[in-house]
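Overview (structure and organization)
Below, each chain spelled out in residue letters.
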Amino acid sequence: MDRFESFQDSAFSPSRSPFTIVPSDIAALPTVPKGIYVGIGGDVTLRGIDGAQDVTYRNLPDASYIAVRASHVRATGTTAANLIAEA
C-alpha cells in the first residue's frame, strides 16, 4: 500500500523512479532528474536543464548528492561512478 499515492510529485518530493546514469558525450538523460546520487566520488561534468554550457562538480566524495536538474551527464570529464538519477 502506498499512503502517498494521492500526493502530487514535485521537485522536493522523494524520487519515484530512480535510474542508473550512463555518462555520454552525446545522449541526453532519458528523464530530467531531481538530483544525482554519486556512489563513488570524483568529478561529474553535466549540463543543467537551462544551462548554456557544461559545468564540472569537482572532488565529490563517495555517497554524495548533487542537487541539480541536469539534461546531460558527460563521459568526458566525469570520473565519479555509480551515478543514480533521482527522478
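Preceding block: the structure.
For clarity, every value in this text was computed on a predicted model and none was experimentally measured.

**Some words on the overall build of the protein**
- When its secondary structure is counted, the protein shows 0 helices and 7 strands.
- The linear arrangement of helices and strands in the protein, starting from the amino end, is β-β-β-β-β-β-β.
- Taken over C-alpha atoms, the radius of gyration comes to 13 Å for the protein, in line with the 12 Å a tight globule of 87 residues would show.
- Looking at the protein as a whole, 34% of its 87 residues are labelled buried.
- Of all intrachain contacts in the protein linking residues separated by at least 6 positions in sequence, the fraction that spans at least 24 positions is 66%.

**A look at the pairing of strand β2 (residues 35–40)**
- With 5 bridges joining them, β2 and strand β7 (residues 81–86) adopt antiparallel strand pairing. Its bridge partner lying in β7, Y37 is registered against I84.

**Thoughts on the pairing of strand β4 (residues 55–60)**
- Direction of pairing for strand β3 (residues 42–48) relative to β4: antiparallel, over a ladder of 4 bridges. Counterpart to T45 in the pairing with β4 is T56.

**Observations concerning unusual backbone geometry**
- Of note in the backbone geometry, A63 takes a positive phi value of approximately 55 degrees without being a glycine.
- Despite not being glycine, N82 shows a phi value in the positive range, around 55 degrees.
- Note that N82 resides in strand β7.
- Among the residues examined, N82 registers a relative accessible area of 51% and is labelled exposed.

**Regarding the sheet that holds β3**
- Taken together, the 3 strands give an open sheet; going across it, the order is β4-β3-β6, and neighbouring strands pair in antiparallel fashion. Strands with a single pairing partner mark the edges of an open sheet, and in this sheet they are β4 and β6 (70–73). On average, adjacent strands in this sheet sit at an angle of 35 degrees to one another, irrespective of strand direction.
- Bridging between β3 and β6 involves 3 bridges; their strand directions are antiparallel. By the bridge assignment, G48 is partnered in β6 with A70.

**Some points on the sheet that holds strand β5 (residues 64–66)**
- Across the sheet, 4 strands lie side by side as β1-β7-β2-β5; this open sheet has antiparallel pairing. Strands with a single pairing partner mark the edges of an open sheet, and in this sheet they are β1 (19–20) and β5.
- Here 3 bridges tie β2 to β5, and the two strands are oriented antiparallel to one another. Considered in β5, the bridge of Y37 is made with Y65.

Definitions and cut-offs
- Residues numbered from 1 in each chain as written.
- Predicted model: local features only at pLDDT ≥ 70, side-chain atom pairs only at ≥ 80, totals over all residues.
- Heavy atoms only, no water.
- Helix = DSSP H or I, 4+ residues; strand = E, 2+ residues; numbered from the N terminus.
- Rg over C-alpha atoms; globule rule 2.2 N^0.38 Å.
- Buried < 20%, exposed > 50% of the residue type's maximum accessible area, 1.4 Å probe, protein only.
- Contact = heavy atoms within 4.5 Å.
- Pairing = 2+ DSSP bridges.
- Axes fitted to C-alpha atoms, helices over the stretch in contact; angles between N-to-C directions.

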